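# Residue-level structure breakdown
What follows is each chain in one-letter form.
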Amino acid sequence: MGIKQANDREKILLRIRKLWQIQGKVFNDPIHGHVELHPLLIKIIDTPEFQRLRYIKQLGGAYFVYPGASHNRFEHSIGVAHLAGQLVRALRTNQPHLPIDDRDILCVEIAGLCHDLGHGPFSHLFDGMFIPEARPGTKWKHETASCQIFDRLVDKLSSVMEQHGLKLPEDQIFIKEMIAGPLDSKTAEAQEGQWPYEGRPKEKSFLYEIVSNKRTGIDVDKFDYFARDCHHLGIQNNFDHWRFLKFARVCEVDGQWHICVRDKEEDNMTDMFHTRLGLHKRAYQHKVNKIIEYMIKDAFLKADEHIQIGGKRCKLSEATEDMEVYTKLTDHVFEQILNSFSEELKDARDILNRIMSRDLYKFLGETRFENPMDPKDLKSQLAAKLSDGLKPEDIVVMIIKMDYGMKDKDPINNLYFYSKYDSTKVSKRKDCQVSKIRPTCFSEQLTRFYCKKTEGRSLEADKRSFEEWGKEKGFPEY
């Protein structure tokens with residue numbers, strides 16, 4: 001070729017890489033260290049749809065309570081893509097006979113990267129609190145929007161994706177299934193015992209357990225947000241996800257292939273579920289965090305019909321119907337309302353100003369009902385007890401549910417364990433193997449009470465009245 005010097009060769013290779021766009025990038029991540037991503041993932045990251053995640057807080061309103069909780073969906077998504085690649089590669093290295101090819105690995109990484117594309121302002125506040133109240137009966141989830149936005153990315157990058165070896169639409173379907181589960185059209189067939197997925201055959205069923213594990217709840221999405229959230233919240237993370245990657249194996253269970261763990265890893269997996277519960281208790285369901293999110297939700301409801309998104313007039317709650325609009329929607333809507341001069345947004349603006357000045361709805365108390373009561377009745381009764389002109393709508397009754405991830409069930413019971421002596425045979429934990437000091441209750445429900453009005457009211461007097469009311473109602477705490 002007439003290459004006379006080594007640096008000539010390097011220049012030619014560099015030009016070839018640029019021509020074929022195969023250069024990746026290395027990110028210095030505070031959680032996982034130096035993260036190297038495939039060039040196709042970089043192409044996805046460098047789109048407006050993905051860059052939008054820089055402006056959506058990972059933990060919603062928790063930043064108003066925990067000053068370190070400033071991290072966003074952007075870095076979490078990169079972390080999940082990294083861990084997804086690490087896990088699928090570890091499986092292929094430890095079990096070379098598994099049917100995992102490079103295209104599978106790339107698809108799994110893309111699913112990890114794109115799984116949260118559909119989150120709205122303040123993450124779960126939008127789809128968990130605002131949308132259900134603004135549009136009762138709507139079953140919209142952020143995973144739905146993630147798939148819709150991913151379809152937009154495929155339209156933009158289809159030629160680049162095919163250059164990197166993806167087969168469309170097969171891999172497009174596979175990635176969306178890893179994000180949101182089986183397609184709706186396949187749900188009925190799944191109930192009849194048929195394979196519910198289109199993207200990959202039954203022999204590759206374990207690939208669907210990496211990014212979002214519907215069977216056990218153990219997946220790399222949780223691995224990243226446990227580590228990342230604990231880091232930014234200043235809470236100790238007791239779960240070692242690298243140890244899980246080391247001992248994960250694919251085993252056959254009832255004709256399907258699942259990711260299983262070593263029998264000695266039971267304690268580590270228990271720590272994972274306990275870490276989840278601890279994060280809910282100390283941060284996600286923190287009584288001040290939840291009322292701040294409730295106030296943001298109230299402000300969004302007041303502003304619902306009076307917002308412009310990307311220069312287009314659109315109801316905030318209906319932005320989910322137009323991805324062109326929705327991809328312009330971020331946490332910035334908070335400041336848009338807060339800094340507006342519009343008379344239409346005054347009520348919403350007043351609520352957000354109360355947050356900024358720390359004039360929050362006041363916490364009165366909480367209880368654990370053995371037999372849950374109707375929140376509407378509780379509001380009316382408590383408003384009458386506190387009197388001084390309070391109305392039922394001035395009272396907030398908030399139901400908080402916390403568990404280990406499987407409602408009232410022990411999630412460890414869904415795991416399959418293998419032995420070091422025979423990794424081909426798996427079994428569930430037997431009742432006789434359960435430690436006597438393990439918890440026996442795996443969920444609880446709290447009912448919290450707040451008062452929206454603070455001006456001219458004594459918090460101490462309201463709390464005393466609440467305690468008297470609690471005693472009259474037979475609340476166990478009072």
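Sequence order as written defines residue numbering, which begins from 1 separately in each chain. Predicted model: local features are reported for residues with pLDDT of at least 70 only, side-chain atom pairs are reported and counted for 80 or more only, and whole-chain, interface and lining totals are derived from all residues. Here the side-chain values reflect all heavy atoms present in the structure, with hydrogen atoms and water set aside.

## Focus on the overall build of the chain
Note on conventions: DSSP H or I runs of at least 4 residues are helices, E runs of at least 2 residues are strands, and numbering of each starts at the N terminus. Broken down by element type, the chain carries 18 helices and eleven strands. Against the globule reference of 23 Å for 478 residues, the chain gives a C-alpha radius of gyration of 25 Å, in line with a compact fold. The principal-axis extents of the C-alpha atoms in the chain amount to approximately 90 × 65 × 45 Å. Residues classed as buried in the chain amount to 51% of the 478 residues present. The contact rule is simple, with two residues in contact once any of their heavy atoms fall within 4.5 Å. Nonlocal contacts in the chain, meaning residues at least 24 apart in sequence, comprise 72% of its contacts between residues at least 6 apart. Accessible surface computed for the chain: about 23,400 Å², of which carbon and sulfur atoms make up 48%. Radius of gyration here uses only the C-alpha atoms, and the compact-globule reference equals 2.2 Å multiplied by the residue count raised to the power 0.38. Here the term buried applies to any residue with accessible area under 20% of the maximum for its type, exposed to any over 50%, and partly exposed to those in between, with areas from a 1.4 Å probe on protein chains only. Computed by Shrake-Rupley with a 1.4 Å probe, the accessible areas treat only the displayed protein chains as cover when residues are assessed.

## Let's talk about the side chain of threonine 47
Relative to the elements of secondary structure, threonine 47 occurs in the loop between helix H2 (39-45) and helix H3 (48-51). On the basis of relative accessible area, threonine 47 is assigned to the buried category, the value being 6%. Setting aside its immediate chain neighbours within four residues, threonine 47 contacts Leu153 and Leu157.

## Points about the nonpolar core
Ranked by size, the top nonpolar core spans 124 residues in total, and within it Ile110, Ile210 and Phe244 carry the most contacts. Not counting residues within four places of it along the chain, the set of residues in contact with isoleucine 110 comprises Leu40, Leu41, Ile44, Phe150, Leu166 and Ile175. Within the second largest apolar cluster, 14 residues are counted, among which are Leu364, Phe369, Ile395 and Trp469. Here, nonpolar core means buried Ala, Val, Leu, Ile, Met, Phe, Trp, Tyr and Cys residues that are tied together by side-chain atoms lying within 4.5 Å of each other.

## A word on the sheet that holds strand E7 (residues 362-367)
The strand order across the open sheet formed by three strands is E7-E11-E8, and the pairing between neighbours is antiparallel. Edge positions in the sheet fall to E7 and strand E8 (395-403), since each has one partner strand and no second. Adjacent strand axes in the sheet meet at a mean angle of 25° when their direction is disregarded. Pairing of E7 with strand E11 (residues 443-451), which is carried by five bridges, proceeds in the antiparallel orientation. Each residue of the ladder has a partner; that of glutamate 366, found in E11, is arginine 448. Each axis is a line fitted through C-alpha atoms, taken for helices only over the stretch in contact, and angles between the N-to-C directions span 0 to 180 degrees. Taken strand by strand, helix H13 (residues 287-303) contacts E7, E8 and E11, and its axis lies near 125° from that of E8. Any two strands with at least two DSSP bridges between them are considered paired.

## Notes on unusual backbone geometry
Omega for the peptide link from leucine 168 to proline 169 comes to 5°, which places this bond in the cis form. The backbone of serine 123 shows a phi angle near 55°, a positive value even though the residue is not glycine. Its location among the elements puts serine 123 in the loop between helix H5 (102-114) and helix H6 (124-134). Of note in this structure, serine 387 is not a glycine but carries a positive phi near 50°. One can find serine 387 in the loop between helix H17 (375-386) and E8.

## Notes on empty space enclosed by the protein
One water molecule sets the probe size; rolling that probe over the atoms shows where empty space is left. Using only the protein atoms, space was sampled on a 1 Å grid; points where a 1.4 Å probe fits but cannot get out form cavities, open sets with protein on both sides within 12 Å along at least five of seven lines form pockets, and lining residues are those with an atom within 4 Å of a point. Grid points are joined across faces, edges and corners, and a volume is the space filled by probe spheres set on the points. Applying the stated criterion to the full structure yields two cavities of 30 Å³ or more. In this structure, the largest cavity occupies an estimated 90 Å³ of space. With three residues, strand E4 (residues 256-262) is the largest single contributor of residues to the lining of the largest cavity. Here the term charged refers only to Asp, Glu, Lys and Arg, the term nonpolar to Ala, Val, Leu, Ile, Met, Phe, Trp, Tyr, Cys and Pro, and the term polar to all other amino acids, Gly among them. In the lining of the largest cavity, the residues fall into seven nonpolar, two polar and two charged. Around the second largest cavity, the lining comprises eleven residues; the ones closest to its centre are Thr270, Asp410, Ile412, Arg438 and Phe442.

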